[in-house]
Amino acid sequence: MSKVDNTTNPLDGMYWGDKPTTTENNNGALTQSDFFALLTQQLAYQDPTKPVENDQMIAQMTNFTMADGISSLNTNFKDFATTMNSSQALQASSLVGQYVLVKSDDIVFDGKNEIVASANFPENATNVKVQIKNAEGVVIRSVSLPDKDTVAGRLQLPWDGTTDTQVLNEDGTPKVDDKGNPVMELAPKGVYTISVEGSIAGKNEAIVTSIYAPVTSITLGNGTTQGLLLNVYGQGQKKLSDIEEIAT
């Protein structure tokens, strides 16, 4: 009677050439090849008197198929996110050079060009005062707004850089223009702060301000923890969701 060698896998002869080996580093995750290798071993070493039931076999294959499908779906979502980021970047690039409105109280004055701020009144307000302060916190410009202008909604507040200090002539007298209007000193270039306060329903309130500033460039995020960002002059990096308005 011939001796049976139980150390030999009866399915070894089904391989073409050498057995396939896994050399990739999958961080401990089972691949499709690993699953079928395990399934083959299970079939090879099962009890002949109690073979695996068909429904059990189908259940195992179904579970793996579902897991593999979820993995493929995750990959497809990553590809989709990459495509969306590219599309979003293309759209955002059209904003470069345009003025956008972002929530802020910082004004960057270049020494000559007018700056436009905006105050968003939640309700009708009275006795509204607008102040502009320099880096030292000194008020250089203060304006009281008429009640008819401070109704609920957004109100634009342009500033041409002039201060409350009137220019003096060489003889020390206040300088006026050809129409008799006082000539005010121009603030030097730098960073200033705007504040708006008024009375709403009998209570003094600070009004939220925003600033119009140009988009200088865009920064592409890594697609996971950081999305696309707009670099706004004097206002830092802003998300698209931070943009309240695009100036036309």
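A. Region of the structure containing the pattern of salt bridges. Under the criterion given, the structure shown has three salt bridges. With a closest N to O distance of 2.9 Å, R141 and D164 form a salt bridge. Pair noted here: R141 is in strand β5 (residues 139-145) and D164 is in strand β7 (residues 162-166), with a separation of 23 residues, a long-range link. Where K148 meets D149, a salt bridge forms, and the shortest distance between an N and an O atom there is 3.3 Å. The exposure class assigned to K148 is exposed, which follows from its relative accessible area of 65%. D149 sits in the partly exposed class, given a relative accessible area of 32%.

B. Quick peek at unusual backbone geometry. Positive phi, normally seen in glycine, also occurs at N127, with a value near 50°. Inspection of the secondary structure assignment puts N127 in strand β4 (residues 126-133). Judged by relative accessible area, N127 falls into the exposed class, the value being 61%. The phi dihedral of A201 is positive, around 55°, even though this residue is not glycine. Inspection of the secondary structure assignment puts A201 in the loop between β9 (190-200) and β10 (203-219).

C. Region of interest: the pairing of strand β3 (residues 115-121). Where burial is concerned, most of β3 is hidden: five out of the seven residues are buried. Examined bridge by bridge, β3 and strand β6 (residues 153-159) share seven bridges and lie antiparallel to one another. Each residue of the ladder has a partner; that of N120, found in β6, is R154. Note: β3 against β10, four bridges, orientation antiparallel. Within β10, the residue paired with A119 across the bridge is T209.

D. Layout of the environment of T126. Tracing the backbone shows T126 in strand β4. Exposure remark for T126: the relative accessible area of 31% places this residue in the partly exposed category. As a C-alpha pair, T126 and V151 span 25 residues in sequence and 8.5 Å in three-dimensional space. Ignoring any residue separated from it by four or fewer positions in sequence, one finds T126 in contact with D147, T150, G198 and S199.

E. Here's a closer look at the nonpolar core. With 21 residues, the main nonpolar core has I107, F121, L157, W159, Y192, I194 and V196 as its most contacted residues. Looking at this core, the elements that each hand over two or more residues are β2 (106-109), β3, β4, β5, β6, β9 and β10.

F. How the structure looks around the side chain of T162. Residue position: T162 is located in strand β7. Within the structure, the side chain of T162 is placed 2.7 Å from the side chain of D160, a separation counted as a polar contact. Ignoring anything within four residues of it in the chain, the contact list for T162 reads R141, M184, E185 and L186.

Analysis parameters
Residues numbered from 1 in each chain as written. Predicted model: local features only at pLDDT ≥ 70, side-chain atom pairs only at ≥ 80, totals over all residues. Heavy atoms only, no water. Salt bridge = Lys/Arg side-chain N within 4 Å of Asp/Glu carboxyl O. Helix = DSSP H or I, 4+ residues; strand = E, 2+ residues; numbered from the N terminus. Buried < 20%, exposed > 50% of the residue type's maximum accessible area, 1.4 Å probe, protein only. Pairing = 2+ DSSP bridges. Contact = heavy atoms within 4.5 Å. Core = buried A, V, L, I, M, F, W, Y, C linked by side-chain atoms within 4.5 Å. Polar contact = N/O pair within 3.5 Å; in protein donor to acceptor, adjacent residues only side chain to side chain.

These values are about where atoms sit, not about what they do.
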